[in-house]
Amino acid sequence: MNKILKPEELKEVVITKVEFDKVKIDADAVADVLISKNVKDLSWNTGVSDNTIREALRVSFPLKGKPKKTIELNDDRFKKLILAYCPPDFFIKDLKLKPEEKELFIDFCDSDSKSKTLLENPNVLAIMDFLYTKNKEFKTLK
């Protein structure tokens, strides 16, 4: 005969009286705890590893790789990036902008959210493509 235990759900559980034993602290128990702590602190010097991580609570690691860089609002990195990747006559010859419109055009491009992604992953072809599309938008706004 096989007996199979079946769980039974209780509607209510009443605990009437709970007594805990008193914790007895004597000087010998306190001394033993202090000695064991000191032994653990000196274990690094013995050359024997017990595979514990000392002071593990003080060590912290980021959960997701590198922290993302924050981009400041008054940031001129995009302007520096464009000037580094584009030749000086690019704005006048290729984009057919007037010299006085160059700064305004760069500010116009900087206001777009895609310029922030170009800062994170600079690519010459992506920057040129971005500038050409922004030039068409800039010409329609004039």
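Residues numbered from 1 in each chain as written. Predicted model: local features only at pLDDT ≥ 70, side-chain atom pairs only at ≥ 80, totals over all residues. Heavy atoms only, no water.

K.L.:
Please give an account of the packing of helix H2 (residues 77-85) against helix H4 (residues 102-110) that cites residues and values.
P.N.:
The contact between H2 and H4 brings their axes to 10 Å, and the two run at 120 degrees. The angle between the axes of H2 and H4 places the two elements in the oblique class. Here the hand of the crossing between H2 and H4 comes out right-handed. Contact residues: H2 offers Phe-78, Lys-79 and Leu-83, while H4 offers Lys-102, Glu-103, Ile-106, Cys-109 and Asp-110. Across the contact of H2 with H4, the residue classes break down as four nonpolar, no polar and four charged. (Axes fitted to C-alpha atoms, helices over the stretch in contact; angles between N-to-C directions. Helix = DSSP H or I, 4+ residues; strand = E, 2+ residues; numbered from the N terminus. Parallel < 35°, antiparallel > 145°, perpendicular 65-115°, else oblique. Left-handed = near helix turned anticlockwise from the far one by under 90°. Contact = heavy atoms within 4.5 Å. Nonpolar A, V, L, I, M, F, W, Y, C, P; charged D, E, K, R; others polar.)

K.L.:
Which residues make up H2, and what values go with them?
P.N.:
Taken residue by residue, H2 has Phe-78, Leu-81 and Ile-82 as its buried positions. On an axial view of H2, the arc spanned by its buried residues comes to 95 degrees, and they lie on one face. Within H2, the exposed residues directed more than 90 degrees away from the buried face are Lys-80 and Ala-84. Tucked into the core, H2 has its buried residues touching helix H3 (90-94), H4, helix H5 (114-120) and helix H6 (124-141). (Buried < 20%, exposed > 50% of the residue type's maximum accessible area, 1.4 Å probe, protein only. Arc of directions from axis to C-beta.)

K.L.:
Tell me what's going on with the pattern of salt bridges, and back it up with residues and numbers.
P.N.:
Pairing between side chains of opposite charge can happen when the charged atoms of each approach one another. One pass over the full model with this rule turns up seven salt bridges. Ionic pairing is found between Glu-103 and Lys-79, a salt bridge with its closest N-O pair at 3.0 Å. Taken together, the positions of Glu-103 in helix H4 and Lys-79 in helix H2 put the pair 24 residues apart, joining distant regions of the chain. Using a relative accessible area of 29% as the deciding quantity, one classes Lys-79 as partly exposed. (Salt bridge = Lys/Arg side-chain N within 4 Å of Asp/Glu carboxyl O.)

K.L.:
Describe the packing of aromatic side chains, with residues and values.
P.N.:
Both the distance between ring centres and the angle between the ring planes are used here to describe each pair of aromatic rings. This structure, assessed with the given rule, holds six aromatic pairs. Between the aromatic rings of Phe-90 and Phe-91, the centroid separation amounts to 5.7 Å while the plane-to-plane angle is 75 degrees, which identifies the pairing as edge-to-face. Accessibility expressed as a relative area gives 3% for Phe-90, which makes it buried. The buried category is assigned to Phe-91, whose relative accessible area is 2%. Pairing Phe-90 with Tyr-132 gives two aromatic rings, centres 5.9 Å apart and planes at 75 degrees, and the pair type is edge-to-face. You can see Phe-90 sitting in helix H3 and its partner Tyr-132 sitting in helix H6, a full 42 residues away along the chain. Taking relative accessible area as the criterion, Tyr-132 reaches 38% and is therefore assigned partly exposed. By way of ring pairs, the aromatic residues Phe-90, Phe-91, Phe-105, Phe-108, Tyr-132 and Phe-138 are connected into one cluster. (Phe/Tyr/Trp six-rings, centres within 6.5 Å; stacked < 30°, edge-to-face > 60°.)

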